[in-house]
Amino acid sequence: MSRLFNQPIKSKTIFNKTVLKSSFLAGAFLFSGINQSAQANSKPIVAVEPLVCDVVSAIAPPSSPVSCLIDRKQDVHDVKITPRQAQTLKSANQVFTLGSEMTPAIKKWLDNPLTVVVGVSAIEIDDHHDDHDDHSAAKDDDHDDHSAAKHDDHDDHDDHGDSHAEGAFEWAGVFDLSAGTYKWSFAKVNGDYADPAMKMVILNSGDIEASEELAKELLGSKNSETKRNNDKLVAQEKAYFLSFNEKKDITTFTVEIKKAGKYTFFTEHMPFEFEADEHFFKDVSGDDVEPIAQVPDEGDHHHHHDHGGLDPHIWHDPHNIIKMGNVISKNINKKISFFDRETKKVLKERTQAVNSILENLDLWTQKQVATIPTDRRTIVSKHKAMEYYGDAFGLKTLSLLDFLGDSSSLRPETISTVIAELKEENVNVLFAEQKPPSKLLKNLSRQTSTPIARNQIFVDGLMLEGNTVSVAVHNTCTIVDSLGGECDEKEGEKLENEWNSLTNP
């Protein structure tokens, strides 16, 4: 009897041990999953571009730290990855970027399995604004092909920006000059010359590239000719060493052209750095003399808006930001443990909040643009960067570089074409992308009597302050108000504040 009675007790003991063992293993597995998730979360999510960083910060759960790789003051087109930034990329949990179309320096990091492209090569781009109803569309192969477009233009003239390198020049300009006398001046800016002296080469040539090797050789030679205030300069195969008079606010040199033709000037510094109140090159009548070709473009130290056929400025259409956000959310979700339901829930809620704000931003923008008179809905800017905005909200966009070509200068043969196009499109205002406006825009404004908008538009990302919605509201109000519409900025600010509540809880 006792034997029969004890048997079930033994079985029960074995059962309990099995259950305990299974429970322990399950608990250990669960703990392991959570621990791995916690370890992953201890590494930062790295967002390469400032705008991407802002979107990632709005979507990522607060438990997932986000690190911005590139400072807002830097130009993402020309940035070079520093050793410290490279270490940040190596220690990241994930890396999000617009891709090499926008940021060429990130190209070699695109093969990293942790890198996710959220730019133009990774999402479906709508052809028309009416097709934007499917906002969740995003390619599953987010980052399978990261080399879709090259940015080879950044390799051109790499040595132009280092005035300290042997024989290097920082600027070159071609002028179509008549025989006669001209004045080239260097002025103090804020009480000082940009440099106390500078080398210059003047060659009888109309082609910068064909002359640059000779120019570099001459600039690098120690056999240069020193010139001082009021001295004469002529075209020759020998560099001038120009010494500026510290006792004077302006040092001027006489440029004598013996025979009409095209002449190329190579300088160690940007001539615009020595401009105070007047243009640096004038003819005998005191009129400004402008180059017919120059590098770099208009005082910029880069040639960065030829994106290999793909326009990377997709965020100017809010629905494209939604698609970017969906790619970001999907990939962050992959890194969260299956058992961490709470974090997954927070991620989903934040993604929905971001999408809601962007939907409302789209509606707000439509209402503002609708106030612009129908015959004035044309945006004219220097670069081709507002195409997505124009397509989304029914405005025509004109890029001046489409008419002017790579030189970015007002050539005699193109200025008439530009003027005719502006008149045909009833263009009432030009939009600057920098402050102060480039010389190209100033000259075009003067020759066509077309005013420049009071505020600049920001085409390459965020402003120094504010967020993704801030720059959209600023651009829209600048465009709308300048084209004769009425922009409700207060309603736009409400959307900005909603976004801020996500990035600054």
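Residues numbered from 1 in each chain as written. Predicted model: local features only at pLDDT ≥ 70, side-chain atom pairs only at ≥ 80, totals over all residues. Heavy atoms only, no water.

Here Ala172 is to be found in strand E5 (residues 171-177). Judged by its relative accessible area of 0%, Ala172 is buried. Counting along the chain gives 123 residues from Ala172 to Val295, while the straight-line C-alpha distance between them is 5.5 Å. Non-local contacts of Ala172, meaning those with residues more than four positions away in its chain, are made with Ile208, Phe265, Phe266, Ala293, Gln294 and Val295. (Helix = DSSP H or I, 4+ residues; strand = E, 2+ residues; numbered from the N terminus. Buried < 20%, exposed > 50% of the residue type's maximum accessible area, 1.4 Å probe, protein only. Contact = heavy atoms within 4.5 Å.)

In the structure shown here, the tally under the stated rule is six salt bridges. A salt bridge links Lys216 to Glu213; its shortest N-O distance comes to 3.5 Å. Placement of both Lys216 and Glu213 in helix H4 (residues 208-220) is noted, with a separation of three residues, approximately one turn of the helix. We note a salt bridge from Glu425 to Lys396, for which the minimum N-O separation is 2.7 Å. Linking Glu425 in the loop between helix H9 (412-424) and helix H10 (439-448) with Lys396 in strand E16 (residues 396-399), this pair joins segments that are 29 residues apart in sequence. Given the relative accessible area of 16%, Glu425 is considered buried. Under the relative-accessibility criterion, Lys396 is labelled partly exposed at 39%. (Salt bridge = Lys/Arg side-chain N within 4 Å of Asp/Glu carboxyl O.)

Another aspect to go through is the sheet that holds strand E8 (residues 225-227). Strand pairing in a sheet relies on backbone hydrogen bonds. The paired strands run either parallel or antiparallel. Strand order across the open sheet formed by six strands is E8-E10-E7-E12-E5-E14, with mixed pairing between neighbours. Strand pairing shows two members of the sheet lacking a second neighbour, E8 and strand E14 (293-295), which therefore form its edges. Direction aside, the axes of adjacent strands within the sheet are offset by 25 degrees on average. In the packing of H4 onto the sheet, contacts are made with E5, strand E7 (197-203), strand E12 (261-267) and E14, and the angle to E7 comes to roughly 135 degrees. (Pairing = 2+ DSSP bridges. Axes fitted to C-alpha atoms, helices over the stretch in contact; angles between N-to-C directions.)

Now for helix H3 (residues 83-90). Among the residues of H3, those classed as buried are Gln85, Ala86 and Leu89. Summarising the axial view, the buried residues of H3 lie within an arc of 105 degrees, below the 170-degree limit, and thus occupy one face. Facing away from the buried side of H3, by more than 90 degrees, are the exposed residues Pro83, Arg84 and Lys90. (Arc of directions from axis to C-beta.)

On to a negative patch on the surface. Together, Asp481, Glu486, Asp488, Glu489 and Glu493 make up a negatively charged patch on the protein surface. Mapped onto the elements of the fold, Glu486 is located in the loop between helix H11 (468-482) and helix H12 (489-503). (Patch = residues over 30% accessible without salt bridge, like charges linked within 9 Å, V, L, I, M, F, W, Y side chains within 5 Å. Areas by Shrake-Rupley, 256 points an atom, 1.4 Å probe, with all protein chains shown as cover. Lys, Arg positive; Asp, Glu negative; His and termini not counted. Charge placed at Lys NZ, Arg CZ, Asp CG, Glu CD.)

Read across the open sheet, the four strands follow the order E9-E11-E6-E13; overall the sheet is mixed. At either margin of the open sheet sits one strand with a lone partner, and together these are strand E9 (232-233) and strand E13 (281-283). As judged from the two bridges shared by E9 and strand E11 (residues 250-257), these two strands associate in the parallel manner. Residue pairing for E11: Leu233 is matched across the bridge by Val255.

What follows is about unusual backbone geometry. For the bond running from Lys435 to Pro436, omega is 0 degrees, close enough to zero to count as cis. Tracing the backbone shows Pro436 in the loop between H9 and H10. In this structure, Asn230 is a non-glycine residue whose phi angle is positive, near 75 degrees. Inspection of the secondary structure assignment puts Asn230 in the loop between E8 and E9. The class of Asn230 is exposed, set by a relative accessible area of 54%. In the Ramachandran plot, Asn426 falls in the positive-phi region, its phi being about 55 degrees despite a non-glycine side chain. Along the chain, the position of Asn426 falls in the loop between H9 and H10.

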